[in-house]
Each structure stands twice: as structure tokens, then as C-alpha cells.
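One-letter residues, chain by chain:
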Amino acid sequence: MIPPGVEEEMLRLFCAEAEDLLGEIEQGVLVLERDPGDGPTLDRLFRAFHTFKGNVGVVNLVVLQQLTHELEALLDAARKGRLVPGRDTIGVILAGGDVLGRFVREMAAQLAGESPGRQLRLPVPALVAAIHAVLSGTPLASPPEGRSEEHTSELQSRLHLVC
């Protein structure tokens, strides 16, 4: 789980920055659920995933780099008007954020000495396929893998508080 050849201090910095970016992503999704065409929010989400992509590249997390690249492409399409964010778009963004969050929390735990070497199974290929489906205009048959029911409920309750 911890990439070889990367200093622990660099990984700790990565985790701290990732938590900030995940907070930005979560807030952006809350806004998109109310106003899917909000241009400044689409720009902020795009930049958050773009920064995340660069950061995972620095610490050599290739699989997460692919996921963040695909999410960035999805948001770029929305920013340029080629995609109107709907339920499926928001679902894959949420799922992507959840997957990234699970990875970051696990890495932080391992850096703190909890279960070193434990592997985390993440549905990255399924999520990338869901992103491609959304980009091609194919409706998703079910919510994308990666979203935890607990997190979805938490976001929904926050949405009610924000509105």
C-alpha cells in the first residue's frame, strides 16, 4: 500500500493535502447537487482533481493517477459544456472521492503504524468504466461502485443542512 522509495514525510504531506482536496471535492458536489451547471464549482472541482492527479503522480500511485485523470476529463467535459452534470455524473464524482478518501485514510493509518502492509481493494476499474459510460452518454444501471452507504447518508444529511 505504501509506495516504495517515497519518504514517509512526503507521504504524510500527501495525506494532509489530499484531505484538504477531498473536503473541496465534497463541498463542490454539494453545490452541484443543487445547481449542476454552476461554472465556478465545476472549475473548483476540476482543479481539485487536477491537483490530486499531480500529487498522486509525485508519490507514484499510478492507479490513483489514472482514476483522477478520468475524473478530471469528466469535469473538463462539463466545464466545456459537452456534458450536463446529472445524477450519474455526480454519482461517479462522489464515488471517485470516496475511493480516494478510503485510500488516503488507509495510507495515513499505515503511516501511523496501524496494520502495515495491509492491502486495500478499490473498485478503480469499475469506476473508470462508469466514468467512460457517463462521458459517452450511457445511463448507469446502478450507482457506481465505491460509494459507501454511510458516506452517502452523511452527504445527504449535510445537503439538507446546507439548503
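Note on numbering: residues in each chain are counted from 1, in written sequence order. Confidence filtering applies because this is a predicted model: local features only for residues at pLDDT of at least 70, side-chain atom pairs given and counted only at 80 or more, and all residues used for totals across whole chains, interfaces and linings. To get the side-chain values, take all heavy atoms of the structure and skip hydrogens and water.

**Student:** Break down the confidence of the model for the protein for me, with residues and values.
**Tutor:** Any segment with low pLDDT has predicted coordinates that should not be analysed in fine detail. The predictor reports its confidence for every residue as pLDDT, a score running from 0 up to 100. Here the protein averages 88 in pLDDT, and 89% of its residues register 70 or above. Segments assigned H or I by DSSP are reported as helices when at least four residues long, segments assigned E as strands when at least two residues long, and all are numbered from the N terminus. Least confident of the elements in the protein is helix α6 (residues 149-162), whose mean pLDDT is 39; most confident is helix α2 (residues 39-58), at 97. Note that residues 148-163 has pLDDT below 50 and, in this model, 15 contacts with residues that lie over four places away or in other chains. Only heavy atoms matter for contacts: two residues are in contact if any of them lie within 4.5 Å across the pair.

**Student:** Break down the packing of aromatic side chains for me, with residues and values.
**Tutor:** Centre distance within 6.5 Å is the pairing criterion for rings of Phe, Tyr and Trp, where only the six-membered ring of Trp is used; planes under 30 degrees apart are then read as stacked, over 60 as edge-to-face, and the remainder as tilted. Following the criterion strictly, the structure yields one aromatic pair and no others. When the ring of Phe14 is compared with that of Phe52, the centres are 6.1 Å apart and the planes differ by 90°; the resulting orientation is edge-to-face. One end of the pair, Phe14, is in helix α1 (residues 8-34); the other, Phe52, is in helix α2, with 38 residues separating them in the sequence. Residues Phe14 and Phe52 agree in their burial class; the two are buried. Both a distance and an angle decide whether a charge sits over a ring: NZ of Lys or CZ of Arg must be within 6 Å of the ring centre and within 35 degrees of the ring normal. In this structure, Arg79 packs its charged tip against the face of Phe46, placed 3.8 Å from the ring centre. Relative accessible area decides the class of each residue, using a 1.4 Å probe on protein chains only: under 20% of the type maximum gives buried, over 50% gives exposed, and in between gives partly exposed.

**Student:** Can you explain the pattern of salt bridges? Please cite residues and give values.
**Tutor:** Any carboxyl oxygen of Asp or Glu that lies within 4 Å of a side-chain nitrogen of Lys or Arg is treated as forming a salt bridge with it. Throughout the structure, instances matching the rule amount to seven salt bridges. Here Arg79 makes a salt bridge to Asp43, at a shortest N to O gap of 3.4 Å. One end of the pair, Arg79, is in helix α3 (residues 62-79); the other, Asp43, is in helix α2, with 36 residues separating them in the sequence. Under the relative-accessibility criterion, Arg79 is labelled partly exposed at 34%. A relative accessible area of 28% means that Asp43 is categorised as partly exposed. For Glu106, the salt bridge goes to Arg118, with nearest N and O atoms at 2.7 Å. With Glu106 in helix α4 (residues 87-111) and Arg118 in the loop between α4 and α5 (124-135), this pair connects stretches of sequence that are 12 residues apart.

**Student:** So what's going on with α5? Which residues, and what values?
**Tutor:** To estimate the expected span of a helix, count its residues, drop one, and scale the result by 1.5 Å. End to end, α5 covers 16 Å across 12 residues, agreeing with the expected 16 Å (1.5 Å per residue, within 8%). Along α5, the residues that are buried comprise Val124, Leu127, Val128, Ala130, Ile131, Ala133 and Val134. Phi turns positive one or two residues past the end of α5, at Gly137, with a value near 85°.

**Student:** Provide a residue-level description of the nonpolar core, including the pertinent values.
**Tutor:** In terms of nonpolar packing, the biggest core is built from 47 residues, with Phe14, Phe52, Leu67 and Met107 touching the most fellow members. The set of elements that each furnish at least two residues to this core consists of α1, α2, α3, α4 and α5. We define the nonpolar core as a collection of buried residues of types Ala, Val, Leu, Ile, Met, Phe, Trp, Tyr and Cys that are connected through side-chain atoms lying within 4.5 Å of one another.

**Student:** With reference to specific residues and values, describe unusual backbone geometry.
**Tutor:** In this structure, Asn60 is a non-glycine residue whose phi angle is positive, near 60°. Examined against the element boundaries, Asn60 turns out to sit in the loop between α2 and α3. For Ser115, which is not glycine, the phi torsion reads 45° and is therefore positive. Inspection of the secondary structure puts Ser115 in the loop between α4 and α5.

**Student:** An account of the packing of α3 against α5 is requested, with residue identities and associated values reported.
**Tutor:** Packing of α3 against α5 leaves a shortest axis separation of 10 Å and a crossing angle of 15°. By the angle between their directions, the pair α3 and α5 is classed as roughly parallel. As for the relative orientation of α3 and α5, their crossing is left-handed in sense. Taken together, the residues of α5 that come into contact with α3 (itself represented by Val63, Gln66, Leu67, Glu70, Leu71, Ala73, Leu74 and Ala77) are Val124, Leu127, Val128, Ile131, His132, Val134 and Leu135. Amino acids are sorted into nonpolar (Ala, Val, Leu, Ile, Met, Phe, Trp, Tyr, Cys and Pro), charged (Asp, Glu, Lys and Arg) and polar (every other residue, Gly among them). Looking at the contact of α3 with α5 residue by residue, the class counts come to 12 nonpolar, two polar and one charged. Inter-axis angles, ranging from 0 to 180 degrees, are taken between N-to-C directions of lines fitted to C-alpha atoms, where helices are fitted over the stretch in contact. Angle categories: roughly parallel below 35 degrees, roughly antiparallel above 145, roughly perpendicular from 65 to 115, and oblique for all the rest. Rotating anticlockwise by less than a right angle from the far helix to the near helix defines a left-handed crossing, while the corresponding clockwise rotation defines a right-handed one.

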